[in-house]
Amino acid sequence: MVIEWLDEGKFHRVPKLEPGPPNVYFGDVFSSASQDGLSLLAGSMFLLEQIDNPEPAPLYDYEETGVVLKGELHLEDEKGNTAKLFPGDTFFIHRGSSIIFSTPRYAVAYKVGARPKMH
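Residues numbered from 1 in each chain as written. Predicted model: local features only at pLDDT ≥ 70, side-chain atom pairs only at ≥ 80, totals over all residues. Heavy atoms only, no water.

With an unreviewed UniProt entry as reference, the protein is termed (S)-ureidoglycine aminohydrolase cupin domain-containing protein, source organism Penicillium vulpinum.

Here you go:
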């Protein structure tokens, strides 16, 4: 198959991240695979709900970029740099970063990274 696609109804079905924080939903939409079964590139839906005390995401051992589709996404890195992102805003997370994701209500983003496929 040369092209893959999903209609919007299926695109927005974001599963709960298990194991993971209670406010994080995350699931791969598309991914490529190398000969050893690792993903070369994965596109994922990300849904974040508001929580009072967000914890940092695990240390990024890959680079990731994304675009906010709905809501408001707040990012804070290990150096204290912050960003408030809204629909249409994009972000890039460098390998080795520790990021705190938060939101005053909710955020939906499409993220792409060079990482192993999530099941």
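**So, unusual backbone geometry**
For the bond running from E18 to P19, omega is -10°, close enough to zero to count as cis. Within the fold, P19 resides in the loop between α1 (8-11) and β1 (24-33). (Helix = DSSP H or I, 4+ residues; strand = E, 2+ residues; numbered from the N terminus.)

**A word on the packing of aromatic side chains**
Scanning the entire structure with this criterion turns up three aromatic pairs. With centroids separated by 6.5 Å and ring planes inclined at 70°, the aromatic side chains of F26 and F46 adopt a geometry described as edge-to-face. With F26 in strand β1 and F46 in strand β2 (residues 39-49), this residue pair connects regions lying 20 residues apart in the sequence. Accessibility classification places F26 together with F46 in one group, the buried group. Here a set of aromatic residues connected by ring pairs shows up, and it is made of F26, F46 and F101. Sitting over the ring of Y25, K16 keeps its end group 5.9 Å from the ring centre. (Phe/Tyr/Trp six-rings, centres within 6.5 Å; stacked < 30°, edge-to-face > 60°. Buried < 20%, exposed > 50% of the residue type's maximum accessible area, 1.4 Å probe, protein only. Lys NZ or Arg CZ within 6 Å of the ring centre and 35° of its normal.)

**Observations concerning the sheet that holds strand β4 (residues 73-76)**
Spatially, the three strands line up as an open sheet ordered β5-β4-β7, and their pairing is antiparallel. Edge strands, defined here as strands with exactly one partner in the open sheet, are β5 (82-85) and β7 (100-102). Taken over all neighbouring pairs, the strand axes of this sheet differ in orientation by 15° on average, direction set aside. Where β4 lies against β5, four bridges are found, and the strand directions are antiparallel. If you follow E76 over to β5, its bridge partner there is T82. (Pairing = 2+ DSSP bridges. Axes fitted to C-alpha atoms, helices over the stretch in contact; angles between N-to-C directions.)

**Examining the nonpolar core**
Burial of nonpolar side chains together is a common tendency in soluble globular proteins. Counting 18 residues, the largest nonpolar core has F46, Y60, L73, L75, F91 and F101 as the members making the most contacts within it. Sorting the residues of this core by element identifies β1, β2, β4, β6 (90-93) and β8 (106-113) as the ones contributing at least two each. Residues contacting F101, with those up to four places away along its chain left out, are F46, L48, P54, A57, Y60, L73, H74, L75, I93 and K111. V14, V29, M45 and V108 belong to the second-largest nonpolar core, a separate cluster that totals five residues. (Core = buried A, V, L, I, M, F, W, Y, C linked by side-chain atoms within 4.5 Å. Contact = heavy atoms within 4.5 Å.)

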